[in-house]
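# Results of the structural survey
Here are the chains, one letter per residue:
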Amino acid sequence: MSNNTLNTFSVNSKRITKGALKVPFKELTLSNGEKILLQTVEGCPENFPNQPKITSGWTESYQDGDARKVKKTQLDYAKKGVITPQMEYVAIRESFCTSDEGKMAFTPEDVCNTIAQGRAVIPANINHPEAESMIIGAKYSVKVNANIGASAIGSDYSKELEKLRFSLQFGADTVMDLSVGIEGIPELRNAILRASPVPLGTVPAYEALDRAEGNIKKLTWDLFRDTVIAQARQGVDYFTIHAGLLHDYLPYAAQRILGIVSRGGSIMAECMMSQGTENMAYEHFDELLEICHDYDVALSLGDGLRPGCINDACDKAQYGELKTIGELAARCYKAGVQCFIEGPGHVAMDKIEENQRLQEKYCNYAPFYTLGPLVTDIAPGYDHITSAIGGSQIAAFGTAMLCYVTPAEHLALPNAEDVKTGLITYKLAAHAADLAKGLPGAKIRDDAMARARADFRWFDQFALSLNPEHAYKVWKSQMPDNCSHEASFCSMCGPRFCPIRLNRVLKNKFKDTL
Ligand code: SF4
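The model shown is predicted, which means the values in this text are computed figures rather than measured ones. Along each chain, residues carry numbers from 1 onward, in the same order as the chain's sequence is written. Owing to the predicted nature of the model, reporting of local features is limited to residues with pLDDT of at least 70; listing and counting of side-chain atom pairs is limited to 80 or more, with chain, interface and lining totals taken over all residues. With hydrogens and water excluded, all non-hydrogen atoms of the structure serve as input to the side-chain values.

## Things to note about the overall build of the protein chain
Per the secondary structure count, the protein chain includes 19 helices and 15 strands. Its C-alpha atoms give the protein chain a radius of gyration of 24 Å, near enough to 24 Å, the size a compact globule of 514 residues would have. With the C-alpha coordinates of the protein chain rotated into their principal frame, the extents come out at 80 × 55 × 45 Å. Computed with the Shrake-Rupley method and a 1.4 Å probe, the accessible areas treat only the protein chains shown as cover for residues. Counting only carbon and sulfur atoms, one obtains 53% of the accessible surface of the protein chain, whose full area is about 21600 Å². Considering the protein chain, the positive charge centre built from 54 side chains and the negative charge centre built from 62 side chains are found 6 Å apart. Numbering of helices and strands runs from the N terminus; a helix is a DSSP stretch of H or I covering at least four residues, while a strand is a stretch of E covering at least two. Just to be clear, the radius of gyration here is over C-alpha atoms, and the globule rule we use is 2.2 Å times residues to the power 0.38. Charge assignment: positive for Lys and Arg, negative for Asp and Glu; neither His nor the chain ends contribute. One atom stands in for each charge, and that atom is NZ of Lys, CZ of Arg, CG of Asp or CD of Glu.

Structure representation (structure tokens):
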């Protein structure tokens, strides 16, 4: 067996079948015969960029002119206790990474109940059949969103599709297209939608401002609404709408060091200030709900007043907006529109739990979706780390989805390498939280890694790691050229002082003691 390549463990596709549903997993077969199932999606990379339309026909729909709409949303069905194929699919997806394949850690009934309580969401636009169903909710595995999207001075179509491919390869559960200020935003979004087997989110205010030629005075409700309808018809699965940022909160934001740092939030604030009006998304919220209901688009209620530095966290602007968002979440629930709640931002570690608990209180346990939070402001270039520290902590307290932050945060538009680094960092933050909250099956991979370490099965360790190629390269770089992949040491302590090797003596000596 060669020790110069990684081809010493097998990764196969495996599908769990239930009726007509086929849910894909990655199955790692380790050198000792152990098998580990990992969540994945059907399409990527084999079918990239044209993904199969997995969920076609799963939801009852009708044609309204040139638009395809749903009769009922996932929330409508859940409130009536009706289990949809999407609910069954996510129950299998969440359950089968646990040890016992025959036992469902999460049943379809459980998923249905959780959605009916407003505590979980399956983003499922009828016009995005390529998206494989996934669930966002505190009791399920913590999800990670990757932001991609071009800006006026960076990137193009092919680079954005490359970022999408990287996002999928490294485990993004959803992707947001935040393109702004470029020609052909709808065409780029369509290319991303057709290539994406995970739900896609957007911030419609960006395109609405583009449609207003960048002139905030021309940004009318009609323009905003038309943008939302066009994106819903195209297949966007969730919209970030900053409807909770009310005029009354602006004076509080003005007291901060950094004021408003959310791009969508600043568009709404500038619009209110220049036109002398209230937030148009708040004033027309019922119309937004109708549009979202038509296509089963979930609302990600945006925190336009999220703090942009540690000093600004947890102030009247942030918590005032959160309270309003809670009221909007209740209106979403009543209207049968699935919603989740966006959160900070920058928060010192001693305030992270307070953020989670207040969100639960104001928003009645609707899923929380946070950007980090970054726990310090002093590490530009390393903000994937400052934010993953806060992200893992808040997710352990109950946040359902983390928006990744890349090393380029605060500095530049992320490139494909930044996307990869951000995702790997956030997958580990999410997994750390899954362990902390005792998610069924979360520890299986850790235990397999520990056994592989104890046995010096190096290639099994690489197979189990979040980035096998990287782990292999680091290990190989300082090992003797002729060493075996079963070397009972590494270059850290060297052959004579390897404590793990000495453990064999310890175990042998006491094997009959207990
Ligand atoms: S040499 Fe040290 S770091 Fe390497 S496997 Fe042994 S105990 Fe671990």
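Alright, that's what it looks like, and here's the rest.
## Observations regarding the packing of aromatic side chains
Only Phe, Tyr and Trp rings are paired, with Trp represented by its six-membered ring, and only when their centres lie within 6.5 Å; those with planes under 30 degrees apart are stacked, over 60 edge-to-face, the remainder tilted. Tallying each qualifying case throughout the model produces 14 aromatic pairs. Seen from their ring centres, Phe166 and Phe170 are 6.2 Å apart, and the 45° between their planes marks the pair as tilted. We note that Phe166, like Phe170, is buried. Each member of the aromatic cluster is reached from another via a ring pair, and the members are Trp458, Phe459, Phe462, Tyr472 and Trp475. Lysine and arginine charges are scored as sitting over a ring when NZ or CZ, respectively, is within 6 Å of the ring centre and within 35 degrees of the ring normal. The ring of Tyr333 has Lys79 lying over it, and the distance from NZ or CZ to the ring centre is 4.3 Å. Exposure is judged per residue with a 1.4 Å probe applied to protein chains only, and the accessible area is read against the type maximum: over 50% gives exposed, under 20% gives buried, and values in between give partly exposed.

## Observations regarding the site of the ligand
Throughout this document, a residue counts as near a molecule or strand when at least one of its heavy atoms sits within 4 Å of that molecule or strand. Near the ligand the following residues occur: Phe456, Trp458, Cys490, Met492, Cys493, Cys498, Pro499 and Ile500. Gly falls in the polar group here, along with every residue not listed as nonpolar (Ala, Val, Leu, Ile, Met, Phe, Trp, Tyr, Cys, Pro) or charged (Asp, Glu, Lys, Arg). Taken together, the residues of the shell around the ligand sort by class into 8 nonpolar, no polar and no charged.

## A few points about the sheet that holds strand S12 (residues 298-301)
By definition, the strands of a sheet pair up through backbone hydrogen bonds, in either a parallel or an antiparallel sense. Any two strands with at least two DSSP-identified bridges between them are counted as paired. With respect to topology, 8 strands assemble into a closed barrel ordered S8-S9-S10-S11-S12-S13-S14-S15, the strand pairing being parallel. Recorded for the sheet is a direction-independent mean angle of 25° between the axes of neighbouring strands. In this structure, strand S8 (residues 143-148) lies alongside strand S9 (residues 174-177), joined through 4 bridges in parallel fashion. The partner of Ala146 across the bridge, within S9, is Val175. The strands that helix H15 (residues 416-436) touches are S8 and strand S15 (401-403); relative to S8, the one it contacts most, it runs at about 160°. Helix axes use the C-alpha atoms of the stretch in contact, all axes being lines fitted to C-alpha atoms, and the angles between their N-to-C directions lie in the range 0 to 180 degrees. Here, residues are in contact when the closest pair of their heavy atoms is within 4.5 Å.

## Some thoughts on the UniProt feature "binding site: [4Fe-4S] cluster" (unreviewed entry) in the protein chain
UniProt positions are given in the numbering used here, feature names are shortened, and annotations may be inferred rather than shown by experiment. In this numbering, the UniProt entry assigns the feature "binding site: [4Fe-4S] cluster" (unreviewed entry) to Cys490, Cys493 and Cys498. In this fold, Cys490 is placed in the loop between helix H18 (468-477) and helix H19 (499-510). Cys490 has contacts with Trp458, Trp475 and Met479, leaving out every residue within four places of it along the chain. Mapped onto the elements, Cys493 comes out in the loop between H18 and H19. With a relative accessible area of 38%, Cys493 lands in the partly exposed category. Apart from residues lying up to four places away in sequence, Cys493 is in contact with Cys498 and Pro499.

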